[in-house]
Amino acid sequence: AGEGLGFIAILASARMIHMAHLESRMKTRPTSIPSWVFVLWAVPLLPGSSFRLWWSGFFVLAALRHALRLPEEESGRNPAFFWMGSHLGLAGLMWPSMALWGLLLPLGCVGLRPLHPAETLSLLLGFGVSWGVLPTLLWLLRIPLPSWDGPSVMHWEPMFLLPWLAFGMTGWLLRQQSLARATARQRNARRLTQWVSAAGLLLGAAGVMEWTGQDGAHQAFFSGGLFCAWTIGWCFPPRWKGTQWVPWALLLVSFAVAIRPWLSAA
């Protein structure tokens, strides 16, 4: 049941990445790659991870979507920061080490443009609502908070993840060259995704979150998937026409990856 809930969370996260990509008007090559890369990265990690990690990641991606949709008009920014804070707060409640994104994503927004006092207040109110309302609602419904204990052992294959990271780093470097030809909105969106995701991956890999125990290592796996999702598409040629058939091919690969643990157990 837990792996099924985690798989649903991964699919929901892939949908969130796809919508965020379209709304931000980035021109990743090709368009459908980011969401499928995240699926292919995350599915092999399901057997050794908690479904709460992936649902926490879904809320991080929801906050990222709000960050990428920050309109130019001042009147629309305060609600966006409020919902960003509420989603980041929920992510930290579901998986403690994911609270790191509650710092990284706002800092990424500050790097693009300093926040006004009203925007900062909206962000803090969003955090407060998520931290205050959710425990109260769970108490009223008599639903106990889930245990924070993650799986004792994280089963993963380094040789499977390292090629993804190598391609992701290559795409990250190639992506820097395209910033000069991008519009201002595209440059902001690309910087917000590539720098924030890279910071999350580096902090997780460096063991900065060791105080959270095992789930701190799991946060690095989510960050790695997010990093590769926004960068691997840039490894393809500029006018490559594989958009129509690549999603179906990746769907078959993800299905094979998903059933492999059960075939091995049998």
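Residues numbered from 1 in each chain as written. Predicted model: local features only at pLDDT ≥ 70, side-chain atom pairs only at ≥ 80, totals over all residues. Heavy atoms only, no water.

Some remarks on the overall build of the chain
A tally of regular secondary structure across the chain gives 10 helices and zero strands. Within the span of the chain, comprising 266 residues, buried residues form 49% of the whole. Considering only contacts in the chain between residues 6 or more positions apart, those separated by 24 or more positions represent 82%. Looking at the chain as shown, the accessible area adds up to about 13,100 Å², and 70% of this sits on carbon and sulfur atoms. (Helix = DSSP H or I, 4+ residues; strand = E, 2+ residues; numbered from the N terminus. Buried < 20%, exposed > 50% of the residue type's maximum accessible area, 1.4 Å probe, protein only. Contact = heavy atoms within 4.5 Å. Areas by Shrake-Rupley, 256 points an atom, 1.4 Å probe, with all protein chains shown as cover.)

Observations concerning helix 2 (residues 33–42)
Of all the 10 residues making up helix 2, 10 are buried; the element is thus mostly covered by neighbouring parts of the structure. Along helix 2, the residues that are buried comprise Ile33, Pro34, Ser35, Trp36, Val37, Phe38, Val39, Leu40, Trp41 and Ala42.

With respect to the packing of helix 4 (residues 77–94) against helix 5 (residues 101–112)
Think of two packed helices as two axes; the pair is described by the angle between the axes and how far apart they sit. Viewed as axis vectors pointing N to C, helix 4 and helix 5 meet at an angle of 155°, and their least axial separation amounts to 9 Å. When the interaxial angle is binned, helix 4 and helix 5 end up roughly antiparallel. In this structure, helix 4 crosses over helix 5, and the sense of that crossing is right-handed. Here Phe81, Met84 and Leu88 of helix 4 come into contact with helix 5, specifically with Trp101, Gly102, Leu105, Pro106 and Cys109. Residues of the contact of helix 4 with helix 5, tallied by class, amount to seven nonpolar, one polar and no charged. (Axes fitted to C-alpha atoms, helices over the stretch in contact; angles between N-to-C directions. Parallel < 35°, antiparallel > 145°, perpendicular 65-115°, else oblique. Left-handed = near helix turned anticlockwise from the far one by under 90°. Nonpolar A, V, L, I, M, F, W, Y, C, P; charged D, E, K, R; others polar.)

Some words on the packing of aromatic side chains
Using the criterion set out here, one finds eight aromatic pairs in the structure. Aromatic pair phenylalanine 38 and phenylalanine 222: ring centres 6.0 Å apart, planes at 80°, arrangement edge-to-face. With phenylalanine 38 in helix 2 and phenylalanine 222 in helix 9 (residues 214–231), this residue pair connects regions lying 184 residues apart in the sequence. Judged by relative accessible area, phenylalanine 222 falls into the buried class, the value being 0%. Both rings, one in phenylalanine 58 and one in phenylalanine 59, keep their centres 5.5 Å apart while their planes meet at 70°; by these two values the pair is edge-to-face. A relative accessible area of 17% places phenylalanine 58 in the buried class. One aromatic cluster in this structure is built from Phe38, Trp54, Trp101 and Phe222. (Phe/Tyr/Trp six-rings, centres within 6.5 Å; stacked < 30°, edge-to-face > 60°.)

Here we look at the nonpolar core
One finds Trp54, Met84, Trp101, Leu105 and Phe222 to be the most contacted residues of the largest nonpolar core, which totals 61 residues. Broken down by element, the residue count for this core peaks at 11 residues, all from helix 3 (residues 51–68). In contact with leucine 105, not counting residues within four places along its chain, are Ala63, Leu64, Ala67, Met84, Leu88, Leu192 and Val196. (Core = buried A, V, L, I, M, F, W, Y, C linked by side-chain atoms within 4.5 Å.)

With respect to the environment of phenylalanine 227
Mapped onto the elements, phenylalanine 227 comes out in helix 9. Its relative accessible area of 3% is what places phenylalanine 227 among the buried residues. Contacts of phenylalanine 227, omitting those with residues within four sequence positions, involve Gly168, Met169, Trp172, Ser197, Ala198 and Leu201.

Some words on a nonpolar patch on the surface
A cluster of nonpolar side chains, contributed by Leu5, Ile8 and Phe51, occupies part of the molecular surface with about 240 Å² of accessible area. Residue position: isoleucine 8 is located in helix 1 (residues 2–24). Classification of isoleucine 8 as partly exposed rests on a relative accessible area of 46%. (Patch = residues over 30% accessible without salt bridge, like charges linked within 9 Å, V, L, I, M, F, W, Y side chains within 5 Å. Salt bridge = Lys/Arg side-chain N within 4 Å of Asp/Glu carboxyl O.)

Observations regarding the pattern of salt bridges
Taken as a whole and assessed by the stated rule, the structure comprises two salt bridges. Glutamate 119 is the partner of arginine 77 in a salt bridge, and the nearest nitrogen-oxygen pair spans 2.8 Å. A residue pair is termed long-range when its members are at least 10 positions apart, and arginine 77 in helix 4 and glutamate 119 in helix 6 (residues 117–140) qualify at 42 residues. Judged by its relative accessible area of 8%, arginine 77 falls in the buried class. Accessibility expressed as a relative area gives 1% for glutamate 119, which makes it buried. In this structure, glutamate 119 engages arginine 113 in a salt bridge whose closest nitrogen and oxygen atoms are separated by 2.7 Å.

Things to note about the confidence of the model for the chain
Per-chain confidence: the chain averages 76 in pLDDT, with 67% of residues scoring 70 or above. The least confident element of the chain is helix 10 (residues 246–265), whose mean pLDDT is 63; the most confident is helix 3, at 90. Residue range residues 145–153 is modelled with pLDDT below 50. Its contacts to residues more than four positions away, or to other chains, number 18 contacts. (pLDDT = per-residue confidence, 0-100.)

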